[in-house]
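Structure assessment
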Amino acid sequence: MTLTAAQAARSIAEGLLSSEELVQGCLERIRALEPTVQAWQFLDEEHALAQARAADERKRSGEPLGALNGIPVGIKDIIDTADMPTENGTVLHKGRMPRKDAAVIAALRAAGAVIMGKTVSTECAYFNPGKTRNPHNPEHTPGGSSSGSAAAVAAQMVPLALGSQTAGSVIRPAAFCGVYGFKPTHGLIPRTGVLQLSRTLDHVGLFARSIEDLALLGEQLVGHDEDDPDTRPRARPPLQAVAAEEPPIAPMLAFIKTPHWERADADTKEAYAELVESLGDRVEEVELFPSASEAWDWQRTIMEAEMAANLEPLWLAGKDKLSERLRGLMERGRETRAVDYQRVLRGLPALRESFDELFMERYDAILTPPALGTAPKGLGATGDPVFCVLWTLLGMPAVTLPLMRGANGLPLGVQLVGRRNFDARLLRTARWLERKLS
């Protein structure tokens, strides 16, 4: 289906389209492309259609309708669903049936969404790839760990999907697959019922085919959940209304290359040079402060220590069934000294404040690549998250837009990073950038 989620929602609300027709179209697309793309871990066509018919019945009966009534959404297979298996990308959880929905699934159902099925995750949302291929070229990785969600939206199998990010697992696959990806501020969307890797770093993330769709989906998911200690009671941010507004003045962007710029592909360097030139006086190159240079090591320390602790039940149940990559991470995490881990956690508030000051002084968003280049050839790895790590560590909102192409014809994304808790403003700036470049 070529409709975006927002277009489809309007058509369903106006009676021009039924949810059953929409879901049937998605299923036809899946049947045609799934043998190549392999985005789905679990899909029950009849169950999806039954949900669609229920959404149509709600419409006919005159019940109040949720904002996503009848809209199909793909769910990364580390997010618990009470009516479908959640296997977390590991053979150790084969056939696992959760007893209750994750908080985000409950929110989707309340909004009327059709939970289409479970999309492929890498093993425990780390680096060991699943079966998914890049829809633009099946010889290339779709990225990870939210591989199936990014690929399913890119292949137009579903208009929306959920993923997660602990390093670069939403922004990178969205960039590689040529879709819109959004990682909100840490703690904005509850993670209850999502496989926990790292309380400090885990985020629920979104995939869509427009900024309007990211805002629509995000607004349904924001909330406080007493079982996620990083969420808090707050008014729901008006993501849709603000994202649709014109900025009161033209936004100012800080182009930050980070210390890893030299590793970027020639394609990326050339494309960003042209992008910066085309933005003229609306962008300035800004050097990263020296205090941020250790951030990549900090993120690794936190991720390894917290993943080793959180995934210990798997380690004890059958570490020989885990991939060498995941075992290596857990071995390093188990050796992390408590004093090193605590030192890193204590360093984060000051670094966050440095970026808050940067935004308060002058800038609406940071412009930076989402990945080293286009999706690498080969399916043995999912690409490097190095251009996402800093923003994930600090819990800052990030969005990637499919605005450019590499010399090989594959998508090359543009990442914008915003100030914490200014997610709506980030989406508004992203929409401004998209319109300026079009």
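Relevant structure appears above.
With that out of the way, let us pick up the packing of aromatic side chains. All chains considered together, the criterion is met by 6 aromatic pairs. Pairing Phe255 with Trp261 gives two aromatic rings, centres 5.7 Å apart and planes at 85°, and the pair type is edge-to-face. With a centroid separation of 5.6 Å and an interplanar angle of 80°, the aromatic rings of Phe355 and Trp391 are classed as edge-to-face. Here the residue Phe355 occupies a position in helix α13 (residues 338-361), and Trp391 occupies one in helix α14 (residues 389-393), the gap between them amounting to 36 residues.

Of note, the amide linkage connecting Gly144 to Ser145 takes the cis form, showing an omega dihedral of 5°. Turning to its location among the elements, Ser145 is positioned in the loop between β3 (114-119) and α5 (147-154). Backbone geometry at Gln38 places phi at a positive 55°, although glycine is not the residue there. Inspection of the secondary structure puts Gln38 in the loop between α2 (19-37) and β1 (40-43). Judged by its relative accessible area of 23%, Gln38 is partly exposed. Positive phi, close to 60°, is recorded for Gln156, a residue that is not glycine. Within the fold, Gln156 resides in the loop between α5 and β4 (160-165).

Glancing now at the pairing of β4. The buried count for β4 comes to 6 of 6 residues, which makes it a mostly enclosed element. In terms of strand pairing, strand β2 (residues 72-76) meets β4 through 3 bridges, oriented parallel. Counted as the bridge partner of Val73 is Leu160 from β4. In this structure, β4 lies alongside strand β6 (residues 203-208), joined through 5 bridges in antiparallel fashion. When the sheet's bridge partners are listed, Gln165 is paired in β6 with His203.

Counting 111 residues, the largest nonpolar core has Leu108, Leu162, Phe355, Ile366 and Leu367 as the members making the most contacts within it. With 25 residues, the next largest nonpolar core counts Ala39, Ala151, Ala152 and Ala161 among its residues.

As for its position among the elements, Ala398 is in strand β10 (residues 398-405). The class for Ala398 is buried, based on a relative accessible area of 1%. Along the backbone, Ala398 and Thr86 are 312 residues apart, and their C-alpha atoms lie at a distance of 27 Å. Ala398 has contacts with Ile171, Gly181, Phe182, Lys183, Gln415, Leu416, Val417 and Leu426, leaving out every residue within four places of it along the chain.

With that settled, consider the side chain of Thr400. Following the sequence through the fold, Thr400 ends up in strand β10. With residues up to four places along the chain from it excluded, the contact list for Thr400 reads Ile171, Ala174, Ala175, Val179, Tyr180, Gly181, Pro370, Gly413, Val414 and Gln415.

Moving on, we get to the sheet that holds β1. Overall, mixed pairing links the 11 strands, which are arranged β1-β3-β2-β4-β6-β5-β10-β11-β9-β7-β8 in an open sheet. The sheet terminates laterally at β1 and β8 (283-285), the two strands that pair on one side only. Averaged over all neighbouring strand pairs, the angle between strand axes comes to 30°, with direction disregarded. By the bridge criterion, 3 bridges tie β1 to β3 in an arrangement that is antiparallel. Bridge pairing links Leu43 to Gly117 in β3. Packed onto the sheet, α5 meets β1, β2, β3, β4 and β6 and runs at close to 150° relative to β4. In the packing of helix α15 (residues 423-437) onto the sheet, the strands contacted are β5 (180-183), β7 (253-255), β9 (365-368), β10 and β11 (411-417), and the crossing angle to β10 comes to about 10°.

Right, let's talk about the environment of Asn310 for a bit. By the secondary structure assignment, Asn310 is in helix α10 (residues 295-310). For Asn310, a relative accessible area of 30% puts it in the partly exposed group. Residues Asn310 and Ser198, 112 residues apart in the sequence, show an inter-C-alpha distance of 7.4 Å. The contacts of Asn310, once residues within four sequence positions are left out, are Gln196, Leu197 and Ser198. There is a polar contact of 2.8 Å between the side chain of Asn310 and the backbone oxygen of Leu197.

Another point: the packing of α10 against helix α12 (residues 324-335). As a packed pair, α10 and α12 sit with axes 7 Å apart at the nearest point and diverge in direction by 100°. Viewed along their axes, α10 and α12 adopt a mutual orientation that is roughly perpendicular. Here α10 contributes Met303, Glu304, Ala305, Met307 and Ala308 to the contact with α12, which in turn contributes Leu326, Leu329, Met330, Arg332, Gly333 and Arg334. In the contact of α10 with α12, the residues fall into 7 nonpolar, 1 polar and 3 charged.

Under the criterion given, the structure shown has 4 cavities of 30 Å³ or more. Here the largest cavity defines a volume of roughly 80 Å³. What lines the largest cavity is a set of 13 residues, among which Ala125, Tyr126, Phe127, Ala167 and Ser169 lie closest to the centre. Looking at the lining of the largest cavity residue by residue, the class counts come to 7 nonpolar, 5 polar and 1 charged. Each pocket or cavity is described by its volume, and for the second largest cavity that value is around 60 Å³. Around the second largest cavity, the lining residues are Pro129, Gly130, Thr132, Arg133, Thr141, Pro142, Gly143, Ser147, Leu379, Ala381 and Thr382. Here the lining of the second largest cavity is composed, by residue class, of 4 nonpolar, 6 polar and 1 charged.

Definitions and cut-offs
Residue positions are given per chain, counting from 1 as you read along its sequence in written order. With pLDDT at 70 or above as the cut-off, local features in this predicted model cover only qualifying residues; side-chain atom pairs require 80 or more to be listed or tallied, and sums for whole chains, interfaces and linings still use all residues. The basis for every side-chain value is the complete set of non-hydrogen atoms in the structure, without hydrogens or water. Only Phe, Tyr and Trp rings are paired, with Trp represented by its six-membered ring, and only when their centres lie within 6.5 Å; those with planes under 30 degrees apart are stacked, over 60 edge-to-face, the remainder tilted. Secondary structure follows DSSP: runs of H or I at least 4 residues long count as helices, runs of E at least 2 residues long count as strands, and numbering of each begins at the N terminus. Exposure classes here rest on a 1.4 Å probe applied to the protein chains alone. A residue is buried below 20% of its type maximum, exposed above 50%, and partly exposed in between. Strands qualify as paired when DSSP identifies two bridges or more between them. Note on terminology: a nonpolar core comprises buried Ala, Val, Leu, Ile, Met, Phe, Trp, Tyr and Cys residues joined through side-chain atoms within 4.5 Å. Throughout, a contact is declared for two residues whenever any of their heavy atoms are within 4.5 Å. Only the stretch in contact is used when fitting a helix axis, every axis being a line fitted to C-alpha atoms; angles between N-to-C directions are given from 0 to 180 degrees. Any pair of N or O atoms that falls within 3.5 Å is considered a polar contact. Within protein, one atom must be able to donate a hydrogen and the other to accept it, and sequence-neighbouring residues count only if both atoms are side-chain atoms. If an angle is under 35 degrees, it is roughly parallel; if it is over 145, roughly antiparallel; if it lies from 65 to 115, roughly perpendicular; otherwise it is oblique. Polarity classes work like this: nonpolar for Ala, Val, Leu, Ile, Met, Phe, Trp, Tyr, Cys and Pro, charged for Asp, Glu, Lys and Arg, and polar for all others, with Gly in that last group. Here a cavity is any set of points on a 1 Å grid over the protein atoms alone where a 1.4 Å probe fits but cannot get out, and a pocket is any open set with protein on both sides within 12 Å along at least 5 of 7 lines; a residue lines the site when it has an atom within 4 Å of a point. Grid points are joined across faces, edges and corners, and a volume is the space filled by probe spheres set on the points.

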